Amino acid sequence: MEVKIAPSWKEKLSAEFEKDYFKNLVEFIKEEYKTQTIYPAGKNIFNAFEKCSFEEVKVVIIGQDPYHGAGQANGLSFSVSDGIASPPSLVNIFKEIATDLGKPIPSSGNLERWASQGVLLLNAILTVRAGQAASHHKKGWEQFTDAVIQSIANEKEGVVFMLWGKYAQDKGSKIDRQKHCILTAKHPSPMAANYGGWFGNKHFSQANHYLKGRNLQEIVW
């Protein structure tokens, strides 16, 4: 499996690629793509790392696994390709941005525009079977993305981590709160958001305030 990622990520993660768990994961994923309908397209599995290099990371948004509907997943957490309707979680993200920053809700749910500004849109699990949420759970992706998060947490300073929902918060539980900015809220999915704890979190203005305080370019959300 060709791993197309930014050179800086290739250097940071080279040791992971050589570990037995990752080699086993690669064999599993190859077989899945041969025999099942898997999302995202193979070329987009590592899209988050291609669109946002290690040195550019300013914000990390952690998702769980890719969208499992046809044409939705593009390798960036919460993002969909151009021309695809925004799923409910993404709609709620845009609604929060609208109230937090007074920005109109965009017509496109493609978040490559965030990635290009230093937002790593990282799913904990990078692949999924069509129509089967969490179908690639505990196959090795979680160990890989734990290593990604730990690499950022250990080697960088002043990164904003947006941890939405218990899963993401558990995933980021080892991040040094003194070294980085940790923002937590309920998950933006309607099941969680409609019961309070998502709307009004103001994560997007808080992130920009923190970045500005470190003399870093704010994100155009």
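Here, the structure is the one placed above.
Bear in mind that the values here come from a model prediction, so they are computed numbers and not experimental data.

Engineer: Residues and numbers for the environment of Glu142, please.
Structural biologist: Mapping Glu142 onto the fold places it in helix 6 (residues 141–155). As for Glu142 and Asn215, which are separated by 73 residues in sequence, their C-alpha atoms are 33 Å apart. Apart from the residues lying within four places of it in its own chain, the contact partners of Glu142 are Ala124, Ile125, His137, Tyr167 and Lys171. A polar side-chain atom of Glu142 sits 2.7 Å from a polar atom in the side chain of His137.

Engineer: Lay out the pairing of strand 2 (residues 59–63) in plain terms, naming residues and giving numbers.
Structural biologist: For strand 2, a buried count of 5 out of 5 residues is recorded, marking the element as mostly surrounded by other parts of the structure. In strand 2, alternate side chains face the same way, and those of Val59, Ile61 and Gly63 on one face and Val60 and Ile62 on the other are all buried. Bridge analysis of strand 2 against strand 3 (residues 119–123) gives 5 bridges, and the strand direction is parallel. Note that in strand 3 the partner of Gly63 across the bridge is Asn123.

Engineer: Requested: an account of the nonpolar core, with residues and values cited.
Structural biologist: Of all hydrophobic cores here, the largest spans 67 residues; its most connected members are Trp9, Phe49, Trp114, Phe144 and Trp221. Ranked by residue count, the leading element in this core is helix 6, at 6 residues. Look past the residues within four positions of Phe49 in its chain and what remains in contact with it is Ile5, Ala6, Trp9, Leu13, Leu122, Leu126, Phe144 and Val148.

Engineer: Which residues make up unusual backbone geometry, and what are the values?
Structural biologist: Cis geometry marks the peptide bond from Tyr39 to Pro40, where omega comes out at -5 degrees. With phi around 60 degrees, Lys138 is a residue other than glycine that occupies positive phi space. Tracing the backbone through its elements, the reader meets Lys138 in the loop between strand 4 (128–129) and helix 6. Positive phi is not limited to glycine here, since Lys202 has a value of about 55 degrees. By the element assignment, Lys202 lies in the loop between helix 8 (190–193) and helix 9 (203–213).

Engineer: Now, about the sheet that holds strand 6 (residues 181–185): what can you tell me, with residues and values included?
Structural biologist: What the 4 strands build is an open sheet, ordered 3-2-5-6; its pairing is parallel. Each having just a single partner strand, strand 3 and strand 6 make up the two edges of the open sheet. Strand-to-strand, the axes of this sheet are offset by a mean angle of 20 degrees, without reference to chain direction. Each of strand 2, strand 3 and strand 5 (160–164) touches helix 6; the most contacted strand, strand 3, lies at about 155 degrees to it.

Engineer: Go over the pairing of strand 5 with me, naming the residues and quoting the values.
Structural biologist: The element strand 5 is largely enclosed, with a buried count of 5 among its 5 residues. Where strand 2 lies against strand 5, 3 bridges are found, and the strand directions are parallel. Across the sheet, Val60 pairs through a bridge with Phe161, a residue of strand 5. Sheet topology places strand 5 next to strand 6; 5 bridges connect them, and they run parallel. Residue Leu163 lies in a different strand from strand 6, and its bridge partner there is Thr184. Following the backbone out of strand 5, through helix 7 (residues 165–171) and into the adjacent parallel strand 6, one traces a crossover that is right-handed.

Quick notes on the rules
- Residue positions within a chain follow its written sequence, with the count starting from 1.
- A pLDDT threshold of at least 70 governs which residues receive local features in this predicted model, and a stricter bar of 80 or more applies before side-chain atom pairs are shown or counted, although totals over entire chains, interfaces and linings include all residues.
- Here the side-chain values reflect all heavy atoms present in the structure, with hydrogen atoms and water set aside.
- Put simply, DSSP H or I for four residues or longer makes a helix, DSSP E for two residues or longer makes a strand, and each gets a number counted from the N terminus.
- The contact criterion used is simple: two residues touch if any of their non-hydrogen atoms lie within 4.5 Å.
- Any pair of N or O atoms that falls within 3.5 Å is considered a polar contact. Within protein, one atom must be able to donate a hydrogen and the other to accept it, and sequence-neighbouring residues count only if both atoms are side-chain atoms.
- Partly exposed residues are those whose accessible area sits between 20% and 50% of the maximum for their type, while under 20% is buried and over 50% is exposed, using a 1.4 Å probe and protein chains only.
- Strands pair, by our definition, only if DSSP identifies at least two bridges between them.
- Definition used in this section: a nonpolar core is a set of buried Ala, Val, Leu, Ile, Met, Phe, Trp, Tyr and Cys residues joined via side-chain atoms within 4.5 Å.
- Each axis is a line fitted through C-alpha atoms, taken for helices only over the stretch in contact, and angles between the N-to-C directions span 0 to 180 degrees.
- With the strands pointing away from the viewer, any crossover whose connection runs clockwise from the first strand over the helix to the second is right-handed.

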